[in-house]
Amino acid sequence: MTRNEKNSVEDLVIIGAGPAGLTAGLYAARARLRTLIIENMVPGGQVLLTDRVENYPGFPEGISGFDLIDRMKRQAEDFGTTIINQKVSNLDLASEKKVVLTDKGRIESRALILACGATSRKLGIDGEQILTGKGVSYCATCDGPFYRDQVVAVVGGGDTAVQEAIFLTKFASKVYLIHRRDELRAVKLLQDRAMHERKIECVWNTVPVKIEGETGVESLAVKNVITGEVNYLPVQGVFVFIGFVPNNDLVKGMLDLDEKGFVLTDEKMETSVPGVFAAGDVRSKLLRQISTAVGDGATAAFAAEKYLEGLR
């Protein structure tokens, strides 16, 4: 039976072709499951925004985000995973067979893995979009080493922002920590570390209003929310950590979510609906990195295989 036949049913459908989805596809295909990955855009997700990945095991010299995803994609396909480019518009998870509706038709599957990721919350200011990947970043762990002996700005006041600002002091000569309030929201321990770090300068009661530069970031315009005064910080990098937005539109009202909208799972990556699993950044978890997404994907595929065995 081919995928073009109307009554064709997949063993496993994976929504999203980032590291989690591609890894799940690889593991599922190796288990001889009839596996289909549906991706709205190009495979890769947020990894494609990173010029060079230096913290993924096995690549001591680093690897471009594009090349890493290309290898993952080819490996999954070599084992028999099919990847299609379609936009998923709706899901029906009520019955044993899960129904995926796309802009090109209806797909049925016996199990489903959600690997649709999350999107870094954007500032929404001039210059941000055009300079993303050219000085504007949402991952200090990924891109920090590129700013050795340079001046950078970190936007945010929570745990992630402060932690990443501290991390960036390993490379940058100076780190401006920009926060809209007069005190940080991060846990006290992180605040203490930041305050005792000579390379970090906190810029209080301030919000970014414009990122300037042509081929790269040259300066960041910031506005004091109390006085209204605008100043320009001479920086070569802007790191934004004001939260993530889970890509959960498909499952709102269908699956249990945490208070931030991320999908809740157990240790097997299973959601509140049997036969539906979640992996990667869309899942409620501590750390969102390529390595953790890969682990999630492998676990979800293995758990899906066991779930399908129980149906037989």
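Preceding this paragraph is the structure being described.
Quick summary incoming for the structure in this document. (Residues numbered from 1 in each chain as written. Predicted model: local features only at pLDDT ≥ 70, side-chain atom pairs only at ≥ 80, totals over all residues. Heavy atoms only, no water.)

### Considerations on the overall build of the chain
Right, on to step 1. In terms of helices and strands, the chain carries six helices and 17 strands.
Right, on to step 2. A compact globule built from 312 residues should have a C-alpha radius of gyration of about 20 Å, and the chain, at 21 Å, falls within 12% of that.
Right, on to step 3. Dimensions of the chain along its principal axes, counting C-alpha atoms only, are 65 × 40 × 35 Å.
Right, on to step 4. The buried share of the chain, taken over its 312 residues, is 53%. (Helix = DSSP H or I, 4+ residues; strand = E, 2+ residues; numbered from the N terminus. Rg over C-alpha atoms; globule rule 2.2 N^0.38 Å. Buried < 20%, exposed > 50% of the residue type's maximum accessible area, 1.4 Å probe, protein only.)

### Re the environment of Asp-182
Right, on to step 1. By the element assignment, Asp-182 lies in the loop between strand E10 (174-178) and helix H5 (188-195).
Right, on to step 2. Each C-alpha atom of the pair Asp-182 and Trp-204 lies 5.1 Å from the other, and the pair is 22 residues apart in sequence.
Right, on to step 3. The contacts of Asp-182, once residues within four sequence positions are left out, are Trp-204 and Asn-205. (Contact = heavy atoms within 4.5 Å.)

### Digging into the state of the cysteines
Right, on to step 1. If you walk through the whole model with that rule in mind, you get one disulfide.
Right, on to step 2. Each sulfur of the disulfide joining Cys-139 and Cys-142 lies 2.2 Å from the other. Linking Cys-139 and Cys-142, the disulfide has an S-S dihedral of approximately 70° and is accordingly described as right-handed.
Right, on to step 3. You can call Cys-139 buried: its relative accessible area is 14%. (Disulfide = S-S within 2.5 Å.)

### Things to note about the pairing of strand E5 (residues 98-102)
Right, on to step 1. Of all five residues in E5, four are buried, a share of seventy percent or more.
Right, on to step 2. Between the end of strand E4 (residues 88-92) and the start of E5, which pair antiparallel, lie five residues.
Right, on to step 3. Bridging between E5 and strand E6 (residues 105-114) involves five bridges; their strand directions are antiparallel. Paired with Val-100 across the two strands is Ile-107, which belongs to E6.
Right, on to step 4. What sits between the antiparallel neighbours E5 and E6 is a turn of two residues. (Pairing = 2+ DSSP bridges.)

### Focus on the sheet that holds strand E9 (residues 151-155)
Right, on to step 1. Read from one edge of the open sheet, five strands run E8-E15-E9-E10-E11, paired in parallel fashion. The open sheet terminates on both sides in strands that have one partner only, identified here as strand E8 (136-137) and strand E11 (200-203).
Right, on to step 2. Across two bridges, E8 lies against strand E15 (residues 237-240) in parallel orientation. If you follow Val-136 over to E15, its bridge partner there is Val-238.

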